[in-house]
Amino acid sequence: MPMRWWLAFAAVLALGYAPAVVAQQDESAARQQLDAIGQEIESLGQRLTSTGQARDSAERELREVETELAATHQRLDTLQAERRQLDEETSQLRQHRDRLESERANQYAALGQQLAALYRLGPTPQLKLLLNQGDPAELDRMQAYLNRLTEARNRRLSDIARLDTALADTQKELSERQARLDVLADELEEQSALLAQRTTERRSVVSNLDDRYGSEEERLADLNQSREEAERVLRNIQAEMAKLAEPSPTTHIVSTQGDLPWPVQGAISSNFNHRDGVHYNGIVIQASAGTPVTAVHTGRVVFADWMRGFGNLLIIDHGDQIMTLHAHLQQFSVRPGQQVNRGDEIGRVGDSGGQTRAALYFEVRRGGEPINPQRWIARR
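Residues numbered from 1 in each chain as written. Predicted model: local features only at pLDDT ≥ 70, side-chain atom pairs only at ≥ 80, totals over all residues. Heavy atoms only, no water.

(A) Region of interest: the overall build of the chain. Helix and strand counts for the chain come out as 5 helices and 10 strands. Each of the 380 residues in the chain was classed as buried or not, and the buried ones make up 39%. A separation threshold of at least 6 residues defines the contact pool for the chain, and within that pool the share at least 24 residues apart is 74%. (Helix = DSSP H or I, 4+ residues; strand = E, 2+ residues; numbered from the N terminus. Buried < 20%, exposed > 50% of the residue type's maximum accessible area, 1.4 Å probe, protein only. Contact = heavy atoms within 4.5 Å.)

Now the structure itself:
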């Protein structure tokens, strides 16, 4: 190939390579920027945490009990996940042990056949071979046969020794797994008892809260005050988000309006602008306690804490001044600053905040103002 062709080919390669390098550098810089934003939001979450307002001792007690309940649920989930993993590993180890034992039995059977063949040759086959003055070619064949038998026997013995070691290691791992499973069983029993105790305590606290209202008007007035306090907290979140060195990047959530998945499946028991205490800025979706709640779109968690009137409240910033709020959670599955993707579990349906039945309260906000969530989530 002429030199000018090589130069042209090299130039084409260089032109193709340079954008690739730049693209890699841009991608790396973008990842670093997103990580930095995540760290800033995590710090923001730490500054905003523990902002839930509690006017009297009963509400403070409710917050304490429901926070402990959430922690207990999370601990139980962690323990149960570890137990499932250990059960799976134990099952795999038992299968591995069975394979090793079967292989060792096969090796013993093959070794037995080799020893039987040597036995049929007599106690001193090498000596007989030397004393035999027959055909030299036949002598060579016999010697080669004896050598192969000896080598095969040694290999079998080596394989059996290796299998014995592997079986001993496997048995040791099984014993360790079983010991850990026994400890987990005790911890699960302890946490389950604690959960039952906290649930009973919560029931008593909620009953005390209900008894303090002389009328339905008093109850609604108190709930509306909870909403006003929550609005102040939300304004603080908006202000803190505006102070971030880098704004949250767009996630193009606006283009998905009307096509977002539901955070949880269930019937709507309270609609947007239905004036019922704290719930009129969003919708209430009925679902069983413990049902996973999922993110409707990519974003960053900016708040995860207990708030008066809302219980365990989680807020996700999706960029483009869009936020989603999820209240009355049983527990959180993510933390402030963490990035979530569409469909990721962010919590579980609960009745925190003094609710009498499990449900998810869901809001969508744009520029800090509540908008109808049903215009954003897909029709069913």
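(B) Representation of the pattern of salt bridges within the structure. Tallied over the entire structure, the rule returns 16 salt bridges. Of the charged contacts in the structure, one is a salt bridge between Asp98 and Arg97, with a shortest N-O distance of 3.8 Å. Judged by its relative accessible area of 42%, Asp98 falls in the partly exposed class. Members of the salt-bridge network, linked through shared partners, are Arg75, Glu82, Arg180 and Glu187. (Salt bridge = Lys/Arg side-chain N within 4 Å of Asp/Glu carboxyl O.)

(C) Molecular detail of the pairing of strand 6 (residues 322–332). Within strand 6, 11 of the 11 residues are buried, leaving the element largely enclosed by the surrounding structure. Where strand 5 (residues 311–317) and strand 6 come together, 5 bridges link them in antiparallel fashion. Along strand 6, the bridge assignment pairs Asp317 with Met323. With antiparallel pairing between neighbouring strands as the criterion, strand 5 and strand 6 make up a hairpin whose turn holds 4 residues, including Gly319 at a positive phi of roughly 75°. Both strand 6 and strand 9 (residues 359–366) contribute to a ladder of 6 bridges, which runs antiparallel. Directly across from His326, in strand 9, lies its bridge partner Phe362. Across 3 bridges, the pairing between strand 6 and strand 8 (residues 345–349) is antiparallel. The partner of Gln331 across the bridge, within strand 8, is Arg348. (Pairing = 2+ DSSP bridges.)

(D) Just the environment of Gly282, in detail. Note that Gly282 resides in the loop between strand 1 (268–270) and strand 2 (283–286). Each C-alpha atom, one on Gly282 and one on Ser270, is 8.1 Å from the other, the two residues being 12 residues apart in sequence. Apart from residues lying up to four places away in sequence, Gly282 is in contact with Ser270, Asn271, Phe272, Tyr361, Phe362, Glu363 and Pro373.

(E) Main features of the confidence of the model for the chain. Of the residues in the chain, 72% reach a pLDDT of 70 or more, and the chain-wide mean stands at 78. Per-residue pLDDT stays below 50 along residues 1–24; that stretch engages in 1 contact with residues further than four places along the chain or on separate chains. (pLDDT = per-residue confidence, 0-100.)

(F) Fine view of the packing of aromatic side chains. Under the counting rule described, the total for this entry stands at 1 aromatic pair. Seen from their ring centres, Phe310 and Tyr361 are 5.8 Å apart, and the 50° between their planes marks the pair as tilted. Highlighted residues: Phe310 in the loop between strand 4 (299–307) and strand 5 and Tyr361 in strand 9, separated in sequence by 51 residues. The pair formed by Phe310 and Tyr361 is uniform in burial state, with each residue classed as buried. (Phe/Tyr/Trp six-rings, centres within 6.5 Å; stacked < 30°, edge-to-face > 60°.)

(G) Spotlight on unusual backbone geometry. Even without a glycine there, the phi angle at His252 is positive, about 60°. On the secondary structure map, His252 appears in the loop between helix 5 (216–242) and strand 1. For Gln321, which is not glycine, the phi dihedral falls at a positive 65°. Topologically, Gln321 is positioned in the loop between strand 5 and strand 6. Gln321 sits in the exposed class, given a relative accessible area of 61%.

(H) Molecular detail of the nonpolar core. Formed by 28 residues in total, the largest nonpolar core has its most connected members in Val301, Leu314, Ile316, Val340 and Ile346. The set of elements that each furnish at least two residues to this core consists of strand 2, strand 4, strand 5, strand 6, strand 8 and strand 9. In contact with Ile316, other than residues within four places in its own chain, are Ala295, Gly299, Arg300, Val301, Ile322, Met323, Thr324, His326, Val340 and Ile346. If you look at the next biggest cluster of nonpolar residues, it comprises 18 residues, including Val233, Met241, Val302 and Ile315. (Core = buried A, V, L, I, M, F, W, Y, C linked by side-chain atoms within 4.5 Å.)

(I) Seen up close, the side chain of Arg202. Mapped onto the secondary structure, Arg202 falls in helix 4 (residues 136–211). Among the polar contacts made by the side chain of Arg202, one reaches the main-chain carbonyl oxygen of Asp351 at a distance of 2.5 Å. There is a polar contact of 3.0 Å between the side chain of Arg202 and the backbone oxygen of Gln355. (Polar contact = N/O pair within 3.5 Å; in protein donor to acceptor, adjacent residues only side chain to side chain.)

(J) Spotlight on a negative patch on the surface. Together, Asp182, Asp186, Glu189 and Glu190 give the surface a local cluster of negative charge. Looking at the secondary structure, you find Asp182 in helix 4. (Patch = residues over 30% accessible without salt bridge, like charges linked within 9 Å, V, L, I, M, F, W, Y side chains within 5 Å. Areas by Shrake-Rupley, 256 points an atom, 1.4 Å probe, with all protein chains shown as cover. Lys, Arg positive; Asp, Glu negative; His and termini not counted. Charge placed at Lys NZ, Arg CZ, Asp CG, Glu CD.)

(K) Examining the pairing of strand 9 more closely. Counting buried positions along strand 9 gives 7 out of 8 residues, so the element sits mostly inside the fold. Judged from the 4 bridges that link them, strand 2 and strand 9 form a sheet pairing that is antiparallel. Bridge pairing in strand 9 links Gln286 to Ala359. As defined by bridge partners, strand 9 adjoins strand 10 (residues 369–371) across 3 bridges and the pair is classed as antiparallel. The residue bridging Arg365 from the neighbouring strand is Pro370, located in strand 10. Taking the residues that link successive antiparallel strands as the turn, the strand 9-strand 10 hairpin has 2 residues, and the phi of Gly367 there is positive, at about 60°.

(L) Region of the structure containing the side chain of Glu66. Mapped onto the fold, Glu66 is located in helix 2 (residues 57–120). Residue Glu66 is classed as buried on the basis of its relative accessible area, which comes to 2%. Here Gly354 takes part through its backbone nitrogen, which lies 3.2 Å from a polar atom of the side chain of Glu66. Setting aside its immediate chain neighbours within four residues, Glu66 contacts Arg202, Trp306, Gly311, Asn312, Asp351, Ser352, Gly353 and Gly354.

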